[in-house]
Amino acid sequence: MGNFFKKATNPKQYDLGEMKWEDEGVTSPMRQFFADQLESVLGDLSGKTVLDVGSGAGYCVRVYERLGAKEYTGVEPSEMNVALSREHHPRLNVIL
């Protein structure tokens, strides 16, 4: 249990090389389920600014865009995820 907790609380856990978010794909069933749930909870974001803490690889940007957010900023501790965010979602302002 100690190793699991240590790994799970490491802010750089997604830079360890074990997680391959790109392999999951943009339209995986898991991502689609999460996006659907998020969209149903957030509602209309027209003209609003979104701060996404723990933004991962930026896949929620599509939800924010569909809901009308005017801008969005992600805060992410993983260098690998920040690089993926910047590559795939150039409109997302992401902070490492």
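Up top is the structure these notes are about.
Below, the structure is looked at part by part.

What counts and what doesn't
Residues numbered from 1 in each chain as written. Predicted model: local features only at pLDDT ≥ 70, side-chain atom pairs only at ≥ 80, totals over all residues. Heavy atoms only, no water. Helix = DSSP H or I, 4+ residues; strand = E, 2+ residues; numbered from the N terminus. Contact = heavy atoms within 4.5 Å. Pairing = 2+ DSSP bridges. Axes fitted to C-alpha atoms, helices over the stretch in contact; angles between N-to-C directions. Buried < 20%, exposed > 50% of the residue type's maximum accessible area, 1.4 Å probe, protein only. Arc of directions from axis to C-beta. Polar contact = N/O pair within 3.5 Å; in protein donor to acceptor, adjacent residues only side chain to side chain. Core = buried A, V, L, I, M, F, W, Y, C linked by side-chain atoms within 4.5 Å. Phe/Tyr/Trp six-rings, centres within 6.5 Å; stacked < 30°, edge-to-face > 60°. Right-handed = clockwise from strand over helix to strand, strands pointing away.

**Observations concerning the side chain of Ser-55**
Next, step 1: Within the secondary structure, Ser-55 is located in the loop between β1 (49-53) and α4 (61-66).
Next, step 2: Excluding anything up to four places from it in sequence, Ser-55 contacts Gly-74, Val-75, Glu-76 and Val-94.

**So, the sheet that holds strand β2 (residues 71-75)**
Hydrogen bonds between backbone groups are what pair the strands of a sheet, and the pairing can be parallel or antiparallel.
Next, step 1: What the three strands build is an open sheet, ordered β1-β2-β3; its pairing is parallel. Both edges of this open sheet fall to β1 and β3 (93-95), since each of them pairs with a single strand only. Between one strand axis and the next, the sheet turns through 15 degrees on average, direction left out of account.

**A closer look at helix α5 (residues 79-88)**
Next, step 1: Looking only at α5, the buried set comprises Asn-81, Val-82, Leu-84 and Ser-85. Down the axis of α5, the smallest arc covering the buried residues is 160 degrees, so these residues share one side.
Next, step 2: One side-chain oxygen at the N-terminal end of α5 lies 3.4 Å from the backbone nitrogen of Met-80; it belongs to Ser-78.

**Structural notes on the nonpolar core**
Next, step 1: In this structure, Leu-45, Val-50, Tyr-64, Ala-69 and Tyr-72 are the most contacted members of the largest nonpolar core, which totals 14 residues.
Next, step 2: Broken down by secondary-structure element, the contributors of at least two residues to this core are α3 (29-42) and α4.
Next, step 3: Per-element tally for this core: the top contributor is α4, with three residues.
Next, step 4: Discounting chain neighbours no more than four positions away, the residues touching Val-50 are Leu-45, Tyr-64, Ala-69, Glu-71, Tyr-72 and Thr-73.

**A short note on the packing of aromatic side chains**
Two aromatic rings are characterised by how far apart their centres lie and by the angle between their planes.
Next, step 1: In total, this model carries one aromatic pair according to the counting rule given.
Next, step 2: Ring centres of Tyr-64 and Tyr-72 lie 6.1 Å apart, and the angle between their planes is 40 degrees; on these two criteria the pair is classed as tilted.
Next, step 3: Take Tyr-72: its relative accessible area is 2%, and that puts it in the buried class.

**Considering the pairing of β2**
Next, step 1: Across five bridges, the pairing between β1 and β2 is parallel. Across the sheet, the residue bridging to Val-50 is Tyr-72, located in β2.
Next, step 2: Between the parallel elements β1 and β2, the chain passes through α4 in a crossover that is right-handed.
Next, step 3: The pairing of β2 with β3 spans three bridges and is classified as parallel. Of the residues in β3, the one forming a bridge with Val-75 is Ile-95.
Next, step 4: Each parallel crossover has a hand, and for β2 linked through α5 to β3 it is right-handed.

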